[in-house]
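Coordinate inspection notes
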Amino acid sequence: MISVEEARALVLALATPPEPEEVAVHDALGRALLAPAVARLTQPPFDASAMDGYALRSADLPGPLPVIGTAAAGVPFEGETPNGTAIRIFTGAAVPPGYDRVVMQEHVTRDGDRITVAESSGNLNIRLKGNDFAEGAEFLPARALRSSDLGLIAAMNVPRITVARRPRVVVLAGGDELVPPGGHPGAGQIISSNDIAIAALAREAGAEAAILPLARDTEESLRARFAEAEGADLIVTIGGASVGDHDLIAKVSGDLGMERSFYKLAMRPGKPLMAGRMGPTAMLGLPGNPVSAIVCGKLFMQPLIRAMQGLPPGDEPERAVLARDLPPEGDRQHYQRARLEKGAGLEVIDPFTDQDSARQWILAEADALLVRPARDPARKAGEQVNFVRL
Ligand SMILES: Nc1nc2c(c(=O)[nH]1)N[C@H]1C(S)=C(S)[C@@H](COP(=O)(O)OP(=O)(O)OC[C@H]3O[C@@H](n4cnc5c(N)ncnc54)[C@H](O)[C@@H]3O)O[C@H]1N2
Ligand code: MOO
């Protein structure tokens, strides 16, 4: 069986180059910029007051000084600014040439049209022209766009940007035991939940995700569903990946011409994961156990979806301190559901004692996946370990 690292490289190799599309900046949250946003103006476009108060010359402190006019945001003062004068000014207003300081109104006493400065700090309270960014500045972060990025791009006076088209992901879950949420499970049946979680993980990574109707445990049913997925960038199957008589995904995808990158890896949970390509469509076959499917979705599907948008794969491991002693690990890299707590320095990580890959409630209570390499020796409380944040 190949290692998690080898499998991850093979999965990332399935990514085709991102395709550009133009969108309005207000629709670009979470999208991947493909071409830099180029500032169409300098910000601030003029020296701007950072406070409500009075603009004046430092050399004229402390006054008294006559107040010869007013500047408000959007309404500049157009007159002359002789030595020994001040103007009333408000936050965001242009500071007229000549004045080099704004004194907060709280530090000024005013008597009619004259002010005297009672106290002036070292702060000039002027935002110099261009101190945020200059016209022509290029913004191209190597991550999905955050809300603050949208504000920045808008401030650059760039209304439309070029982002990666959202990868189209189709989620195909199946099994005779499954009925959709809200349904009425018969004898031996359960609710299908993995498709919901996997589609949500796909969307979280920037994809457009569709869930196909549940397939039955027959080759015909699976073939029909695969046909419905045509045109997708990525098809993600769930379940039927193992060795049981009803585990048909490997057989059916193989019959349909899937070029397999790998099938099975030294990972727990997630051993029966498969990956490959069916013509232009990448394929991931996730195991059916809910925690296995979700862990594989996070560790393999999300990085693949990000790579399809030209983004870094993400989920770099972090370090934490073990809360308890752990026995030696088996021959698969183990991703243990764990809780994180504040520590003196690094966070403290405490894995749950029950790591059954069907227990979704424990996954919901987990903050992290503690990463135990294959054949890791026994570990003592206080040792440092790797984890992936959930
Ligand atoms: N003889 C062996 N048996 C199993 C092995 C093995 O190596 N030898 N591996 C085990 C491991 S590890 C895993 S993981 C599972 C993976 O099995 P499949 O991918 O074939 O998944 P299924 O058998 O279809 O389902 C497993 C389990 O998950 C439930 N399930 C499936 N789909 C959904 C869904 N959409 N929503 C909620 N729950 C779902 C299903 O009912 C089963 O309980 O195989 C082990 N067996
Ligand atoms: O690997 Mo299975 O994925 O252990 O539950």
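The model shown is predicted, which means the values in this text are computed figures rather than measured ones.

1. Re the site of ligand 2
In the neighbourhood of ligand 2, the contacting residues comprise Arg-268, Pro-269, Gly-270, Lys-271, Pro-287, Asn-289, Ser-292 and Ser-357. Tallied by class, residues from the shell around ligand 2 come to two nonpolar, four polar and two charged.

2. Describing the sheet that holds strand β21 (residues 281-286)
In spatial order, the strands read β16-β13-β17-β21-β20-β18; together these six strands make up an open sheet with mixed pairing. The sheet is open, and its two edges are formed by β16 (208-211) and β18 (259-263), each paired on a single side. Strand after strand, the sheet turns through a mean of 20 degrees between neighbouring axes, direction not considered. Both strand β20 (residues 274-278) and β21 contribute to a ladder of five bridges, which runs antiparallel.

3. Notes on the site of ligand 1
Residues in close proximity to ligand 1 total 26 residues, the closest being Gly-239, Ala-241, Ser-242, Pro-287 and Gly-288. At the level of secondary structure, the elements contributing two or more residues to the shell around ligand 1 comprise α3 (194-204) and α6 (290-308). Each residue belonging to the shell around ligand 1 can be placed in one class, and the counts come to ten nonpolar, twelve polar and four charged.

4. Concerning the environment of Arg-127
In this fold, Arg-127 is placed in strand β10 (residues 126-127). Those residues in contact with Arg-127, other than ones at most four positions away along the chain, are Pro-44, Ala-48 and Ala-50.

5. Side note on unusual backbone geometry
Going from Leu-61 to Pro-62, the amide bond is cis rather than trans, its omega being 0 degrees. By the element assignment, Pro-62 lies in the loop between β4 (53-56) and β5 (65-71). In this structure, the amide linkage connecting Arg-268 to the following residue, Pro-269, adopts the cis form with an omega of -5 degrees. The topology assignment puts Pro-269 in the loop between β19 (267-268) and β20. A positive phi angle, close to 60 degrees, is found at Asn-125, a residue other than glycine. The topology assignment puts Asn-125 in the loop between β9 (114-117) and β10. Asn-125 gets classed as buried once you count the C-beta atoms within 10 Å, which come to 20.

6. Considering the UniProt feature "domain: MoaB/Mog" (unreviewed entry) in the chain
Mapped onto the present numbering, the UniProt feature "domain: MoaB/Mog" (unreviewed entry) falls at residues 170-307. Secondary structure content for residues 170-307 is 33% helix and 25% strand, and the end C-alpha separation is 17 Å.

7. Here's the deal with the pairing of β4
Note that β4 and strand β6 (residues 86-89) share three bridges and pair antiparallel. Of the residues in β6, the one forming a bridge with Ala-55 is Ile-87. When β4 meets strand β7 (residues 101-104), the two strands line up antiparallel, connected through four bridges. Paired with Ala-55 across the strands is Val-102, a residue of β7.

8. Examining the domain arrangement of the chain
The assigned domain composition of the chain is domain 1 (4-17 + 165-308), domain 2 (29-43 + 132-164), domain 3 (48-127) and domain 4 (318-389). When each unit is reduced to the centre of its C-alpha atoms, the spacing between domain 2 and domain 3 is 34 Å.

How each quantity is defined
- Residues numbered from 1 in each chain as written.
- Chains lettered and ligands numbered in written order.
- Predicted model: local features only at pLDDT ≥ 70, side-chain atom pairs only at ≥ 80, totals over all residues.
- Near = placed C-beta within 6 Å.
- Nonpolar A, V, L, I, M, F, W, Y, C, P; charged D, E, K, R; others polar.
- Pairing = 2+ DSSP bridges.
- Helix = DSSP H or I, 4+ residues; strand = E, 2+ residues; numbered from the N terminus.
- Axes fitted to C-alpha atoms, helices over the stretch in contact; angles between N-to-C directions.
- Contact = placed C-beta atoms within 7 Å.
- Buried ≥ 20, exposed ≤ 12 C-beta atoms within 10 Å, placed from the backbone.
- UniProt positions renumbered as here; feature names shortened; annotations may be inferred.
- Domains from an automatic or database assignment.

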